[in-house]
Amino acid sequence: MVDAVRVSGLTVVRGGHQVLRGLGFTLRSGEVTGLLGPSGCGKSTLMRALVGVQAGVRGEVTVLGEPAGSRSLRHRIGYQTQAVSVYDDLSVRENLRFFARVLSVGATRIDEVLETTGLAPKADAVVSALSGGQRSRASLAVALLGDPDLLVLDEPTVGLDPVLRAELWGTFHAIATRGAAVLVSSHVMDEAERCERLLLMREGLLIADGTPSSIKADAGVGDIESAFLALVRGGAA
Ligand SMILES: Nc1ncnc2c1ncn2[C@@H]1O[C@H](COP(=O)(O)OP(=O)(O)OP(=O)(O)O)[C@@H](O)[C@H]1O
């Protein structure tokens, strides 16, 4: 597998406080990596640094062989923020048409992302009439329009029921299988088992980087939540 992202010595200072404290890791194409940690530990800041929209970044962040934020990366990265990023008063298809024009993407891609996100039956529904999960999938559909090589998803499953969550994780894996690197953040530890690889964060530091099984085995416990607690108690951060 190819490294889609290489990060070393990544530090971000906001309001005089070190929000990220010298992180180093790589992300591989074809894998779903989970970014897990408690609220406020720096997950969104890290994601913004990868996408190239974070202020106050120090260290090296290379995405698809280019420095993060390079113009040439714009169409190669899909980013879903925590806020729903589609227009409420337009239908799903109208939103996709609008963003496809912005990205200079052909109309056939609209049908593909509707299929991938399971939104084809809701294509002509106005966004304001959709459920929370469907809105979240509409934002995901927009993030997928450019057929990105790196997909960065900030808490895409928050507030969704277990069935929808399982479906969305299936979608993330399908996207990775087609060759993209997928980074998904969550503060819910039980989502860890759905990832091929995990980055565990606490207070701006990376406290573990590995497969769910290797992290559990290293900590000598049976679940990621216990592994996280063992790492914290052992003084990893
Ligand atoms: N502009 C800013 N000035 C000062 N502190 C900031 C600023 N932006 C973020 N922070 C702090 O940086 C830390 C990390 O924030 P971030 O949003 O990255 O966390 P998170 O892990 O994504 O949290 P959540 O899971 O709640 O979204 C928080 O403690 C936050 O208060």
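Residues numbered from 1 in each chain as written. Predicted model: local features only at pLDDT ≥ 70, side-chain atom pairs only at ≥ 80, totals over all residues.

It is worth spelling out the overall build of the protein chain at this point. Assigned secondary structure in the protein chain consists of seven helices and 10 strands. Across its three principal axes, the protein chain shows a C-alpha extent of roughly 55 × 40 × 35 Å. The burial tally for the protein chain puts 41% of its 237 residues in the buried class. (Helix = DSSP H or I, 4+ residues; strand = E, 2+ residues; numbered from the N terminus. Buried ≥ 20, exposed ≤ 12 C-beta atoms within 10 Å, placed from the backbone.)

This paragraph deals with the pairing of strand β6 (residues 77–80). Of the two faces of β6, the one carrying Ile77 and Tyr79 and the one carrying Gly78 and Gln80 are both buried. As paired elements, β6 and strand β7 (residues 150–153) share four bridges and run parallel to each other. What sits directly across from Tyr79, in β7, is Val152. (Pairing = 2+ DSSP bridges.)

The mixed open sheet is built from six strands, whose spatial order is β6-β7-β8-β3-β9-β10. On the outer flanks of this sheet lie β6 and β10 (205–210), each paired with one strand and no other. Averaged over all pairs of adjacent strands, the angle between strand axes in this sheet comes to 15 degrees, irrespective of strand direction. The sheet contacts of helix α5 (residues 162–177) involve β3 (32–36), β7 and β8 (181–186), and relative to β8 the element is tilted by about 155 degrees. (Axes fitted to C-alpha atoms, helices over the stretch in contact; angles between N-to-C directions. Contact = placed C-beta atoms within 7 Å.)

So, on to helix α3 (residues 108–116). Those residues of α3 lying buried are Ile110, Val113 and Leu114. Down the axis of α3, the buried side of the element spans an arc of 105 degrees, and every buried residue falls inside it. Of the exposed residues in α3, those oriented more than 90 degrees away from the buried face are Thr108 and Glu115. For α3, the secondary structure elements touched by its buried residues are α2 (92–103) and α4 (132–144). Immediately beyond the C-terminal end of α3, within one or two residues, lies Gly118, with a positive phi of roughly 70 degrees. (Arc of directions from axis to C-beta.)

Among the six residues of β8, six are classified as buried, and the element is accordingly described as predominantly covered. Residues Ala181, Leu183 and Ser185 of β8 are buried on one face, and the alternating residues Val182, Val184 and Ser186, pointing to the opposite face, are buried as well. Where β3 and β8 come together, five bridges link them in parallel fashion. By the bridge assignment, Val32 is partnered in β8 with Val182. Pairing geometry for β7 and β8, over four bridges, is parallel. Following the sheet pairing, Leu153 is matched in β8 by Val184.

In this section: the UniProt feature "domain: ABC transporter" (unreviewed entry) in the protein chain. In the numbering used here, UniProt assigns the feature "domain: ABC transporter" (unreviewed entry) to residues 5–228. From the first C-alpha to the last, residues 5–228 spans 24 Å; its make-up is 32% helix and 28% strand. (UniProt positions renumbered as here; feature names shortened; annotations may be inferred.)

Surrounding the ligand, one finds 13 residues, the nearest of these being Arg14, Gly15, Ser39, Ser44 and Thr45. Elements that contribute at least two residues to the shell around the ligand include exactly β2 (17–28) and α1 (43–51). Classifying every residue of the shell around the ligand gives two nonpolar, nine polar and two charged. (Near = placed C-beta within 6 Å. Nonpolar A, V, L, I, M, F, W, Y, C, P; charged D, E, K, R; others polar.)

With that settled, the discussion passes to the packing of α2 against α3. For any two helices packed against each other, the geometry comes down to the angle between their axes and how far apart the axes lie. Put simply, α2 and α3 touch, their axes get as near as 10 Å, and they point 130 degrees apart. The pairing of α2 with α3 is recorded here as oblique in orientation. Of the two elements, α2 crosses α3, and the hand of that crossing is right-handed. Along its contact with α2, which presents Arg93, Leu96, Arg97 and Ala100, the element α3 presents Arg109, Ile110 and Val113. Partitioning the contact of α2 with α3 into residue classes produces four nonpolar, no polar and three charged. (Parallel < 35°, antiparallel > 145°, perpendicular 65-115°, else oblique. Left-handed = near helix turned anticlockwise from the far one by under 90°.)

For the rest of this paragraph, the subject is the nonpolar core. If you look at the biggest cluster of nonpolar residues, it comprises 71 residues, and the most contacted ones within it are Leu50, Val63, Ala141, Leu150, Val152, Val182 and Leu183. The greatest single-element share of this core, amounting to six residues, is contributed by α4. If near-sequence neighbours (up to four positions away) are discounted, Val63 is found in contact with Val5, Leu50, Ala68, Leu73, Ile77 and Leu150. (Core = buried A, V, L, I, M, F, W, Y, C linked by C-beta atoms within 7 Å.)

Right, let's get into the environment of Gly37. Mapping Gly37 onto the fold places it in the loop between β3 and α1. When the C-alpha positions of Gly37 and Ile215 are compared, they lie 14 Å apart, and in sequence the two are 178 residues distant. Ignoring any residue separated from it by four or fewer positions in sequence, one finds Gly37 in contact with Lys43, His187, Leu200, Met201 and Arg202.

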